[in-house]
Amino acid sequence: MGMSTVQTFPARLQAAHHTAALMSKVSKNYGAVQALKDFNLEVQAGELTAVLGPNGAGKTTAIRLLLGLALPTSGRVSVFGGDPTALTTHLRVGTMLQVGRVPETLRVREHIDLFSSYYARPLPMAQTLSAAGIENVRDRKFGDLSGGQKQRVLFALAICGDPDLLFLDEPTVGLDVEARHLLWDEIRQLLVRGKTVVLTTHYLEEADALANRVVVINKGSIIAEGTPGEIKSRTAGKKIRCFTRLSTEVVQALPGVVDVQYDRGAMLIHTSRPEGVLRELLARDLELAGVEVAGAGLEEAFLSLTQEKAN
Amino acid sequence: MATTVITPAVALIRPNVIGICLKETKYEFLKSLRLPMYSVSTIVFPVMFYVLFGLIMGRQMIGGVGTTTYLIAAYGTFGVMGASLFGTAASLASERGFGWLQMKKATPMPPFAYFLAKIVMSMIFSAADVLLLMILGVAFGGVHLSAIVAVKLLLTLVAGSLPFCAMGLAIGYFAGPTSAPAFINVFYLPMSFCSGLWIPIMFLPKLVQKVALFLPSYHLSQLALHQVGADNGVPAQTHWEALIGFAMICLGVAWAGYQRDQKANG
């Protein structure tokens, strides 16, 4: 398939003001598990790069390498042209990781006060609170917050040091639609202020809404890369919904079928060749009923990308 | 005339490390103070025991001094151990296990500030424990402590919290995020008993008295008892050496755990 991989340059030739972070031919093994394979990523300054993939694809591993929390088995990782583990790098980076439990007895403003103290030029408290939209809960203990508020406090901790580069690891996971959209607005504000953002997500909608650039990864490798529009156009598939007596196996085996699912008794077929599949269905099942054909959404596009690669 | 203004790169301006340590300690203290499981149990248990067995039931002499005086040293040691072990191990194990420590490691926070905060916080609670026992003893137990003795007893016990902080860090690196308190009690309670912190050592079976020689809690309690004139006559230096040796072993274990984490993550 037409896959555009990032070109890699020798470090010296990198224009520092264009590339905020770079991963070059990076592999990362955890014991026998290869979390990343020959992975290349170039993060342009001032852009939002979305790293998109299913759970276990290697997204968090990539973030951890960029943060210097893990070292690559092979290959090179650099942030602002320097070592990701260096203090000078950490001073310019803000992070939102997936945390199982945050100390619950500290108040929101206390968490922010502490994290702000780590940085040389933190934002004023009021600005951090308003940028994260949490002024109204500043005196609440973390443990008393709702899920959406907790995520926004973690977001505040990422931005409070006024970093140039932000890593947001699945920032909206577990949030309802409203809370997700609020956080998106806050992330867009960062871009307006000239910040660089790397965001991992398994929501295509999120990548589509925010990213300048999308990197789709699966099983530790990049399988597609481009603007959100390019990713979508590359996967222009259709969805056929119908009632049929044909078995999953038979339909799955038809040429051009990417995936078969069921929805309230109806079969949902995702395909890159809808006309051919329909002809086959009509020929094989004379009682075929309730046929609907629709453009595939982003989820289907993503599925087709990951499946193409697997086949 | 054109002037050249040299502006240092943002990355070269470092935040104030002392300021970070102070804030880290302040919030570690507030965090623990608001956690009844920690603040109430580390203060209430030694005090409750003291009131019960010292102020209410204690009428005799032990080791040449009044029971109420003897028990300040014994329950003081007990309190210091609890404050130090739970103050370090429980939060470290939980913050390690639930990813909070990783989040902090991704910031410019100097890692030692994190550990220092836990140790200082534990020492503050240790001091509070000892002060409370002394106040209760003097006010209600007929205890006579000169100011010098009181200060020396306090300093001894607070310094004695360090080996237990080291032990707590070691446990915190090997216990699971939620199992740490149980893990701590497996050591804490038998050690306290065998060191004579609940029942004075001379009333314990000979075998237990022999086991006590290998326990840091025994050595700290003897140092505390030494300050009130009720120790076993062994030179203080021996006890300090035992405590320092124990602290070194624990720090070694904690270091191994730290390295193991770095390796597993890195």
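See the structure printed just above.
Q: Any chance you could explain the overall build of chain A here in plain terms?
A: For chain A, the helix and strand inventory stands at 11 helices and 13 strands. Relative to all contacts within chain A whose residues are 6 or more apart in sequence, the contacts with residues 24 or more apart total 67%. Summed over all atoms, the accessible surface of chain A reaches about 13,400 Å², with 49% contributed by carbon and sulfur.

Q: How should the nonpolar core be read in this particular structure?
A: Side chains that are nonpolar tend, in soluble globular proteins, to be buried together. Counting residues in each nonpolar core, the largest one holds 94 residues, and the members touching the most others are Met23, Phe39, Leu48, Ile134, Phe155 and Leu168 of chain A. It is helix 5 (residues 147–159) of chain A that contributes the most residues to this core, 7 residues altogether. Beyond its immediate sequence surroundings of up to four residues, leucine 48 of chain A is in contact with Ile187, Leu191, Val197, Leu199, Leu210, Ala211, Asn212 and Arg213 of chain A. Ranked by size, the runner-up nonpolar core spans 59 residues in total, among them Tyr50, Val130, Leu153 and Leu154 of chain B.

Q: Would you take a moment to explain helix 5 of chain A for this structure?
A: For an α-helix, the turn length of 3.6 residues means that residues three or four places apart are oriented alike. With 13 residues, helix 5 of chain A should reach 18 Å at 1.5 Å per residue; the first-to-last C-alpha distance of 19 Å fits that figure. Among the 13 residues in helix 5 of chain A, 11 count as buried, and that is most of the element. Looking at helix 5 of chain A, one finds that the buried residues are Gly148, Gln149, Gln151, Arg152, Val153, Leu154, Phe155, Ala156, Leu157, Ala158 and Ile159 of chain A. Buried residues in helix 5 of chain A make contact with strand 5 (93–96), helix 3 (108–117), helix 4 (125–131), strand 6 (165–169) and helix 6 (177–192) of chain A together with helix 4 (100–105) of chain B.

Q: Explain the sheet that holds strand 5 of chain A here, please?
A: Two orientations exist for strands paired in a sheet by backbone hydrogen bonds: parallel and antiparallel. Residues and elements named next belong to chain A. The strand order across the open sheet built from 6 strands is 5-6-7-3-8-9, with neighbouring strands paired in mixed fashion. The strands lining the two open edges of the sheet, one partner per strand, are strand 5 and strand 9 (221–226). Averaged over all pairs of adjacent strands, the angle between strand axes in this sheet comes to 15°, irrespective of strand direction. The pairing of strand 8 (residues 213–218) with strand 9 spans 5 bridges and is classified as antiparallel.

Q: Explanation requested: a nonpolar patch on the surface in the structure shown.
A: Residue and element names in this part refer to chain B. A surface patch of nonpolar side chains, amounting to about 320 Å² of accessible area, comprises Val40, Val44, Phe45 and Met48. Positionally, phenylalanine 45 belongs in helix 2 (residues 36–56). The exposure class assigned to phenylalanine 45 is partly exposed, which follows from its relative accessible area of 41%.

Q: When you look at the interface of chain A and chain B in this model, what are you seeing that I'm missing?
A: Bring the parts together and some accessible area is lost; that lost area is often taken as the interface size. Chain A puts 36 residues into the contact, and the matching count from chain B is 28 residues. Summed over both partners, the interface of chain A with chain B comes to about 3,200 Å²; 66% of that surface belongs to carbon and sulfur atoms. When the buried surface of chain A facing chain B is broken down by residue, Arg101, Thr105 and Tyr118 of chain A rank first, second and third, together holding 19% of it. Across the contact surface, chain A and chain B share 2 salt bridges. Note that arginine 34 of chain B is salt-bridged to glutamate 110 of chain A, the shortest N-O span being 2.8 Å. At the boundary of chain A and chain B, one finds 10 residue pairs in polar contact (both at pLDDT 80 or more). Elements that contribute at least two residues to the side of chain A that touches chain B include exactly strand 1 (19–30), helix 2 (87–90), strand 5, helix 3 and helix 5 of chain A. Per element, the largest residue contribution to the side of chain A that touches chain B is 6 residues, and it comes from helix 3 of chain A. Its residues assigned to classes, the side of chain A that touches chain B shows 20 nonpolar, 7 polar and 9 charged.

Q: Explanation requested: the sheet that holds strand 4 (residues 74–79) of chain A in the structure shown.
A: All names here are of chain A. Spatially, the 3 strands line up as an open sheet ordered 2-1-4, and their pairing is antiparallel. Whereas interior strands pair on both sides, the edge strands pair on one side only; in this sheet they are strand 2 (33–44) and strand 4. Recorded for the sheet is a direction-independent mean angle of 20° between the axes of neighbouring strands. Bridge count for strand 1 against strand 2 is 8 bridges, and the pairing is antiparallel. Across the sheet, the residue bridging to alanine 21 is valine 43, located in strand 2.

Procedures and definitions
- Per chain, residues are indexed from 1 in the order of the written sequence.
- Following the order in which they are written, the chains are lettered starting with A and the ligands numbered starting with 1.
- Reporting of local features is limited, given that this is a predicted model, to residues whose pLDDT is at least 70; pairs of side-chain atoms are given and counted only at 80 or more, and all residues count toward the totals for whole chains, interfaces and linings.
- The side-chain values count all of the structure's non-hydrogen atoms but skip hydrogen atoms and water molecules.
- Starting at the N terminus, helices and strands are each numbered in turn, a helix being any DSSP run of H or I of at least four residues and a strand any DSSP run of E of at least two.
- Working rule for contacts: check all heavy atoms of both residues, and any pair within 4.5 Å makes them a contact.
- Residue-level accessible areas treat just the shown protein chains as cover; the underlying method is Shrake-Rupley with a 1.4 Å probe.
- What makes a nonpolar core is a set of buried Ala, Val, Leu, Ile, Met, Phe, Trp, Tyr and Cys residues whose side-chain atoms join them at distances within 4.5 Å.
- Buried residues are those whose accessible area, probed at 1.4 Å on protein chains only, stays under 20% of the maximum for their type, while exposed residues exceed 50% and partly exposed ones sit between those limits.
- Here the expected span of a helix is defined as 1.5 Å times the quantity of residues minus one.
- Any two strands with at least two DSSP bridges between them are considered paired.
- Interaxial angles span 0 to 180 degrees and are taken between N-to-C directions of axes, which are lines fitted to C-alpha atoms, for helices over the stretch in contact.
- Without a salt bridge and with relative accessible area above 30%, a residue can belong to a patch; like charges are then joined within 9 Å and nonpolar side chains (Val, Leu, Ile, Met, Phe, Trp, Tyr) within 5 Å.
- For this analysis, a salt bridge means a side-chain nitrogen from Lys or Arg found within 4 Å of a carboxyl oxygen belonging to Asp or Glu.
- Throughout, buried area stands for the accessible area (probe radius 1.4 Å) lost by two parts on being put together, summed over both.
- Nitrogen and oxygen atoms within 3.5 Å of one another constitute a polar contact, given that in protein one can donate a hydrogen and the other can accept it, and given that sequence-neighbouring residues count only through two side-chain atoms.
- Under the scheme applied here, ten amino acids are nonpolar (Ala, Val, Leu, Ile, Met, Phe, Trp, Tyr, Cys and Pro), four are charged (Asp, Glu, Lys and Arg), and all others, including Gly, are polar.

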